[in-house]
Number of protein chains: 2
Amino acid sequence: MGAVGRRRKHWGWGFEDEQPSHREVASAAQGLAAHLGFGSPEPEMAVPLEAVELPPPRIAPPAHLADLFAAGPYDRAVHAQGRSYADVVRGFRGAFPNPPDAIARPRDESDVARVLEWCASERVACVPVGGGTSVVGGIDAIPGPGHEGAVALDLKALDRVLEVDTVSRAARIQAGVLGPRLEAQLLAHGLTLRFFPQSFELSTLGGWIATRAGGHFATGPTHIDDVVEAVRALTPDGGAWASRRLPGSGAGPSPDRMLLGSEGTLGVITEAWVRVLPRPRHRRAAGVSFRRFADGLGAVRDIVQAALLPANCRLIDAREAAVTFAGDGSHALLTLAFESGDVPVDERMDRALRICEEYGGEWEEKDAASRGSMGAWRDAFLRAPYLRDTLVAMGVLSETFETAITWDKLEPFVERVGGAAQAALEETCGAGQVTCRLTHAYPDGAAAYFTVVGPARRGDEVAQWAVIKRAASDAIAAEGGTITHHHAVGRDHRPWYDQQRPAPFALALRAAKAAVDPEGILNPGVLFDPVYPSKP
Amino acid sequence: MGAVGRRRKHWGWGFEDEQPSHREVASAAQGLAAHLGFGSPEPEMAVPLEAVELPPPRIAPPAHLADLFAAGPYDRAVHAQGRSYADVVRGFRGAFPNPPDAIARPRDESDVARVLEWCASERVACVPVGGGTSVVGGIDAIPGPGHEGAVALDLKALDRVLEVDTVSRAARIQAGVLGPRLEAQLLAHGLTLRFFPQSFELSTLGGWIATRAGGHFATGPTHIDDVVEAVRALTPDGGAWASRRLPGSGAGPSPDRMLLGSEGTLGVITEAWVRVLPRPRHRRAAGVSFRRFADGLGAVRDIVQAALLPANCRLIDAREAAVTFAGDGSHALLTLAFESGDVPVDERMDRALRICEEYGGEWEEKDAASRGSMGAWRDAFLRAPYLRDTLVAMGVLSETFETAITWDKLEPFVERVGGAAQAALEETCGAGQVTCRLTHAYPDGAAAYFTVVGPARRGDEVAQWAVIKRAASDAIAAEGGTITHHHAVGRDHRPWYDQQRPAPFALALRAAKAAVDPEGILNPGVLFDPVYPSKP
C-alpha cells in the first residue's frame, strides 16, 4: 500500500525515501566489490534532479484538461524511460533523452477518454504507463511521424478492486493498481491473485496485461495471460474494446489475446476481470542440488512432463548460486515448491523428489509451515532490482535477459547463448560473468534467464550494454529462441522480434492498429514501426 | 485409418458403406419412436445423389491446375455444406443450395499456394475444408461481392505426421489429417494427442485449430488452443503465416491465437506443431448420481476450483440420463475420471469423491483397468452423430447447442436458456424436450450443452430448426453467455457473435484480414461481413 504520498526515485528502482545514503552505498559497494572481484568500492552519486536538464516541452497541456496534467521536471523525468540497466545508468547520470512533454493523470475512465480524444485531435503521441518498470524501452515518449509531441498517460489513480465474484473466483480490477495494493484489497475477501513478477511492488495489472508479464509460478499459469478472464481497453477511434466474462469461449479468435502483449499500441487497458484464488493451505518446498546443470534440466523436464505442476521449480547454475550466496558454486540448485488451496501436495512432491533422485539430486526439505519456503524466496526475488542501483553507482554493469526454447535444444542453446554473452562481456568489459537460471518450465520447453555482471567503464556503460545486448540477442535468434519470454518487446527487442514474427501477422497487426488508432498516437514505434496517420 | 478409398455419405454422418438399409433404419426407428413418444416408425429414405439437382457451376477449374480439381456432382454435393441438423435435413431431401463450383485437392503446400494464387487472380472465393463437419454453416461455398464463384479447398491429402520430437513431446503434423489417422501415426511413437472432439473420426487437425474445437478433456486442456505449439498457414497475399516453436513466448500478441478461431478467413492452415503425451498409465473413473442437477453443479465447481484437473467431469441432467438410457430419470449423473501418464491419481480422485459426497452424491467406481471407464464413454460419445441420420429419416428434429458462462450465473442461466428452447420447441413442434449437460468446467465457469429432440413436420424441418435456434441464441445472449463454447461461429452464429464481440476488435479483425487477403477470397461471410476487394 506504500505508494500513497511517496515519490518514486526519478532514475532508479523504488522510492526516494528508500535511497540509501552515500555512506550506506559505499559500505555495500565495498562488500560487493570484494565478492565480485570488480567494481569500485567508492560509489558515484546520482545526478540530482535539480542538475538534470530536460529538453523543453514541445507542446502544452490543453486548458480544458489542465487539472489532469502535470509538466514539472520531476514528473517528466520519472516518466521519461523505463528501468532497464541502460535506463537506470542514463538516469543516474542525469540523461533523460525522451521525456514526455506532459503527464496526464486520469482519475477514471472518462478522463482517459478525454485525454485520448485530445491527443488524437492534436496529433499528440500518447504513451500509456502503468508502473513504468519496462526493461525493454517500452515507454519512452517518442512521437511518431507527424506528431506534435508526446504525453505519458499515468494510470496509477485507477487502483481499485471494483467487484469480487467469490462464487466464480474472479475479480474486476482497475488497470493502474500496483501489486501490493491489489493483493491487499483481495485479502479483505480472503482471496489472492498470486501473480508475483519481479517488479510486483512497482508495476500494475494493466502493465502486466499489456506486456504479457510472467509471474513467480514456474509452471501452470506462468503468464498473466493465463489468469485473465476479460479485458477492457479504450481505443482512440473505436470506443471500448471490452470483452465479456465468457469462460472457455471459442467464438472467433480471442479478443483478449490480441490485447495481451499489445504494449499500449492498440488501446489503453482500463480494467480487467482476473481469476483469483484462496490462499494456499498445503505447502511443501525443498532445495535440491545437482552435480551438473544438465542433470537439473532433466529433472525439471521430467517433473513438468509428468504434469506435477509445482508452484516453484527454478534451477540456477552453480556460478549463479555462488554469486547470489545460494551455494558454494559446486552444484546447480533447484528451488522446488508445491502449494494448493485444497488437496494435499504430498503425492506430487514425493514423485518430484523421486525424479530428482533419478538425476542424482540431493535435497533438503524446507519448513513448510513458515514463510521460510516460498515466502523467503519471493522476498529475496523482489529485492533484487534494488541491488542494481548500487551496482550502477559502483561502476558494475548488470544486465538480465531471458528467452525460451524447446527441450530438445535447451542444453546447447544455454551454452551457446551464454557463451556469446560471455564473449561480448569479456570483449567490452575485460572481465565478468554470465550465469543462467531456468525460470519457467513447460511440457515442451523452458525459459532460460541470464544474468550478466561485469566491470563497466564509467560513462561508457550504455555503449557496453548495447554490445552485450546485441551479441546475446543475435545468439538467441540464431539458435532459435524467442527474443523474450516475459520482458516484452518494446523498442530494444524490435530487430529480433521482427525476425521471429510471422510476416503476414505483422501486416495484420499494423492494419488492426490503423483501424482502431488511425492517427497512430498510441505508443508509436513499440512492437512495430509507427503507423502513419491515415488522415491528411 | 478407414478413410482411404471410402466415400463419405453426401448428406449425413459417416461413410456410404456405413449407411444402414431401409429395413435396419425402420427397425431402429420403431424402437426410438417408442422410447421418445414421437417420430415415425416408418422412415423416409434420403434423396439419392442421382436425383439431386445442383446449380450449374459458375466457373471452371483452370487448365493448368486441372489435375488438382474435381467438379462432379458427388464432390460438389459432399462439400456443399457442413453437418448441422439443418444441413443434414437439407441434404437428406436433396437440397444443396451452395455447392462449390469445383473442389481442389492439393497434395502438398505448394499446391495450396497455386490454388490460392489462381483464386486471388480470378477473384474466386476459396473455402478451406478439413473434415467438413461444421455445425454452424462454416463451409458453405458462398462467394463474396465481386467474386466469380467459389471453390472448396479439401485439405485431406495433407495427412501425415511429419516430425516427432520425443524430448519436447511435440509433433509436426499436416493439417488435413483425420483424428484416427493422426492417432495411429503417433501411436507408432508411443504417443497420443488425446484430443477427441465428438467429430473425431471425420474432422481434421486444421479444422480443429480453425474452429477452436473442444476435446473430450473436461478440464485443463479443453480446447485445441491449449495444445498448439506453433501454426503454419498460407495467406493469399502475405505468404506463410508461420510461427516458431517458442514455448511460453511473451513476444507481442500471440500470432497463433489470431489463427485459432479464424475459421479459414485469414489463411489456410497447412500444418502445426502440437504437444503430445504418452498414453495414460494411471486411471480411475466413477459414475456419481445426484438428486438435483444443482447439487452436481456444486460438486463440479468445487472439483475444478480445487484444481483437481479430472480428465472427464461431465454432468448430465436427469432427463438426459433417461433419454440416453444412462439412468432412470430420477437423478443427475456425473461421469468422473482421472488419468495420468506418470503419477497415481488416487489423491485427486479420493478428494473429488469426498466433494461429491458433500453434495449428496452416490457413486459407483468403474473398472479402471478396462476400457470400461473412459474408453466406453468415448465410444458412445463418438457414435452419437450417426444416430441423428436415423432421427432425420423418422421425422424427429434433433439439435444441440452449447455455451459457457460464469459459475455465479450458471444455475438460473441453464434454467432460462433451456426454458426458452423448450418453449420454442413446443411452439413449433408441439412436443419434445430440451435436456442439458455440463461438458467442460473451469475455475470461473462452465460450458452447458443442450440437446433438443422433438417431432418435426416433414419437409418443414429447417424452418422449425430456425425458430428454436433463434430462441435459444437470443436467450443465451440475453442471459450473458457466449454464443459458442466450441462449435465456432460460421454463418449461423453471426448475429449473436456480432453482439458479443467488442466493436473495436471487429474493426481490427476485418482490417487484419484485408491486409493478408485483399481480395477477400478466404471463406467470405464467415466470422464477419465479406471484406470487399481492396483493388478495383
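Everything below is about the structure shown above.
Residues numbered from 1 in each chain as written. Chains lettered and ligands numbered in written order. Predicted model: local features only at pLDDT ≥ 70, side-chain atom pairs only at ≥ 80, totals over all residues. Heavy atoms only, no water.

Enquirer: Help me understand the interface of chain A and chain B in this model?
Expert: Put simply, an interface is often sized by how much accessible area is lost when its parts join up. Across the contact, 78 residues belong to chain A and 78 residues belong to chain B. Looking only at chain A, the three residues that lose the most surface to chain B are A:Pro247, A:Pro253 and A:Glu347, adding up to 11% of its buried area. Between the two partners, chain A and chain B, sit 4 salt bridges. The partner of B:Asp342 in a salt bridge is A:Arg351, and the shortest N-O contact between them spans 2.4 Å. At the junction of chain A with chain B, the criterion picks out 26 residue pairs in polar contact (both at pLDDT 80 or more). Per-element tally for the side of chain A that touches chain B: the top contributor is helix 15 (residues 503-516) of chain A, with 9 residues. Its residues assigned to classes, the side of chain A that touches chain B comprises 38 nonpolar, 24 polar and 16 charged. (Contact = heavy atoms within 4.5 Å. Buried area = accessible area lost by both parts, 1.4 Å probe. Salt bridge = Lys/Arg side-chain N within 4 Å of Asp/Glu carboxyl O. Polar contact = N/O pair within 3.5 Å; in protein donor to acceptor, adjacent residues only side chain to side chain. Helix = DSSP H or I, 4+ residues; strand = E, 2+ residues; numbered from the N terminus. Nonpolar A, V, L, I, M, F, W, Y, C, P; charged D, E, K, R; others polar.)

Enquirer: Help me understand helix 15 (residues 503-516) of chain B in this model?
Expert: Three or four residues apart is the spacing at which side chains of an α-helix point the same way, because the helix has 3.6 residues per turn. Between its terminal C-alpha atoms helix 15 of chain B stretches 21 Å, which fits the 20 Å expected from 14 residues at 1.5 Å a residue. B:Pro504, B:Phe505, B:Ala506, B:Ala508, B:Leu509, B:Ala511, B:Ala512, B:Lys513 and B:Val516 are the residues of helix 15 of chain B that are buried. (Expected span 1.5 Å × (residues − 1). Buried < 20%, exposed > 50% of the residue type's maximum accessible area, 1.4 Å probe, protein only.)

Enquirer: Honestly, the relation of the copies chain A and chain B in this entry has me stumped. Any pointers?
Expert: One copy of the chain maps onto the other through a rotation about an axis plus a displacement along that axis. With an RMSD of 0.0 Å, chain A superimposes on chain B once it is rotated by 180° and translated 0.0 Å along the axis. Such a combination of rotation and displacement between the chain copies is what one expects of a two-fold axis. Most of the interface of chain A is mirrored in chain B, where 100% of its interface residues are also at the interface. (Least-squares fit on C-alpha atoms with pLDDT ≥ 70 in both.)

Enquirer: Explanation requested: the packing of helix 3 (residues 85-92) of chain B against helix 13 (residues 461-479) of chain B in the structure shown.
Expert: For any two helices packed against each other, the geometry is given by the interaxial angle and the distance between the axes. Residue and element names in this part refer to chain B. Look at helix 3 against helix 13: their axes get within 9 Å of each other, and the N-to-C directions meet at 175°. The orientation of helix 3 relative to helix 13 falls into the category roughly antiparallel. Between helix 3, through Tyr 85, Ala 86, Val 89 and Arg 90, and helix 13, the contact on the second element is made entirely by Glu 461, Val 462 and Trp 465. The residue inventory of the contact of helix 3 with helix 13, partitioned by class, reads 5 nonpolar, no polar and 2 charged. (Axes fitted to C-alpha atoms, helices over the stretch in contact; angles between N-to-C directions. Parallel < 35°, antiparallel > 145°, perpendicular 65-115°, else oblique.)

Enquirer: What's the story with the nonpolar core in this structure? I'm lost.
Expert: Side chains of nonpolar character tend, in soluble globular proteins, to be buried together. In terms of nonpolar packing, the biggest core is built from 94 residues, with A:Leu205 and B:Leu205 touching the most fellow members. Other than its neighbours up to four places away in sequence, A:Leu205 contacts A:Ile173, A:Gln174, A:Ala175, A:Val177, A:Leu182, A:Ile224, A:Ala272 and A:Val274. (Core = buried A, V, L, I, M, F, W, Y, C linked by side-chain atoms within 4.5 Å.)

Enquirer: Please explain the sheet that holds strand 3 (residues 124-129) of chain B as it appears in this structure.
Expert: Hydrogen bonds between backbone atoms are what pair the strands of a sheet, whose relative direction is either parallel or antiparallel. Residues and elements named next belong to chain B. Spatially, 1-2-4-3 is the arrangement adopted by the 4 strands of the open sheet, whose pairing is mixed. The two strands at the open ends of the sheet, each matched to only one other strand, are strand 1 (69-70) and strand 3. Strands strand 1, strand 2 (102-104), strand 3 and strand 4 (149-154) of the sheet are contacted by helix 4 (residues 109-122), whose axis makes an angle of about 150° with strand 3. (Pairing = 2+ DSSP bridges.)

Limitation: the analysis is restricted to geometry and does not speak to function.
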